[in-house]
Amino acid sequence: GRSALVRWESPEASNIGGYNVYYRKEGGSSWKKYNQEPVDGTALLLNGLDSGARYSFTVRAVDDVKPPRESAPSPVATAIPF
C-alpha cells in the first residue's frame, strides 16, 4: 500500500487531548477514522492506501474530558498517494 502524510495546525484551545484523523476514498460515501487512540502531535502518516486513488482527509480535535468530545471537522484536504 501507499502512504500519505497529513499535517494540521493545533487550535489555540488548551484542553486538547489529541486528534482523530478521518479519510475517505474518492467515490466512497462515508468517512473512516484511521487512528484507534487520539493522535498526539500535529501530523500522522497514513499507510495502506491505494496507489493512484484520490483521498480526502479531515481532522477533528478531541478534548480531554471523559468521554472525549470531538470538534467540528477541519477543512478537507485531498491527496493522491504515490
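Up top is the structure these notes are about.
What counts and how
- Residues numbered from 1 in each chain as written.
- Predicted model: local features only at pLDDT ≥ 70, side-chain atom pairs only at ≥ 80, totals over all residues.
- Heavy atoms only, no water.
- Pairing = 2+ DSSP bridges.
- Helix = DSSP H or I, 4+ residues; strand = E, 2+ residues; numbered from the N terminus.
- Core = buried A, V, L, I, M, F, W, Y, C linked by side-chain atoms within 4.5 Å.
- Buried < 20%, exposed > 50% of the residue type's maximum accessible area, 1.4 Å probe, protein only.
- Contact = heavy atoms within 4.5 Å.
- Phe/Tyr/Trp six-rings, centres within 6.5 Å; stacked < 30°, edge-to-face > 60°.
- Lys NZ or Arg CZ within 6 Å of the ring centre and 35° of its normal.

**Student:** When you look at the sheet that holds strand β5 (residues 55-63) in this model, what are you seeing that I'm missing?
**Tutor:** Where strands meet in a sheet, backbone hydrogen bonds hold them as pairs that are either parallel or antiparallel. One open sheet accounts for four strands, arranged β3-β2-β5-β6; its pairing is antiparallel. Edge positions in the open sheet fall to β3 (32-33) and β6 (77-79), since each of these has one partner strand only. By the bridge criterion, nine bridges tie strand β2 (residues 16-25) to β5 in an arrangement that is antiparallel. Within the sheet, the bridge partner assigned to Asn20 lies in β5 and is Arg60.

**Student:** Even after reading the chapter, I still don't get the nonpolar core, so can you show me in this structure?
**Tutor:** The nonpolar side chains of soluble globular proteins are, as a tendency, buried together. In terms of nonpolar packing, the biggest core is built from 15 residues, with Trp8, Leu46, Leu49 and Phe57 touching the most fellow members. Counting only elements with at least two residues in this core, the list comes to β1 (2-7), β2, β4 (43-49) and β5. The element best represented in this core is β5, accounting for four residues. Residues in contact with Leu46, not counting those within four places in the same chain, are Arg2, Ser3, Ala4, Val6, Val21, Tyr23, Tyr34 and Phe57.

**Student:** Please clarify how the packing of aromatic side chains should be interpreted in this entry.
**Tutor:** We describe a pair of aromatic rings using the distance from one ring centre to the other and the angle between the two ring planes. One pass over the structure, following the stated rule, counts four aromatic pairs. Judged by centre distance (6.1 Å) and plane angle (75 degrees), the rings of Tyr23 and Tyr34 are edge-to-face. Note that Tyr23 is positioned in strand β2 and Tyr34 in the loop between β3 and β4, a separation of eleven residues in sequence. Note on Tyr34: relative accessible area 27%, which makes it partly exposed. Judged by centre distance (6.3 Å) and plane angle (25 degrees), the ring pair of Tyr55 and Phe57 falls under stacked. When sorted by exposure, Tyr55 lands in the same class as Phe57, which is buried. Aromatic ring contacts, followed pair by pair, group Tyr23, Tyr34, Tyr55 and Phe57 into a single cluster. Of note, Arg60 hangs over the ring of Tyr22, and the distance from its end group to the ring centre comes to 6.0 Å.

These figures come from the coordinates and say nothing about function on their own.
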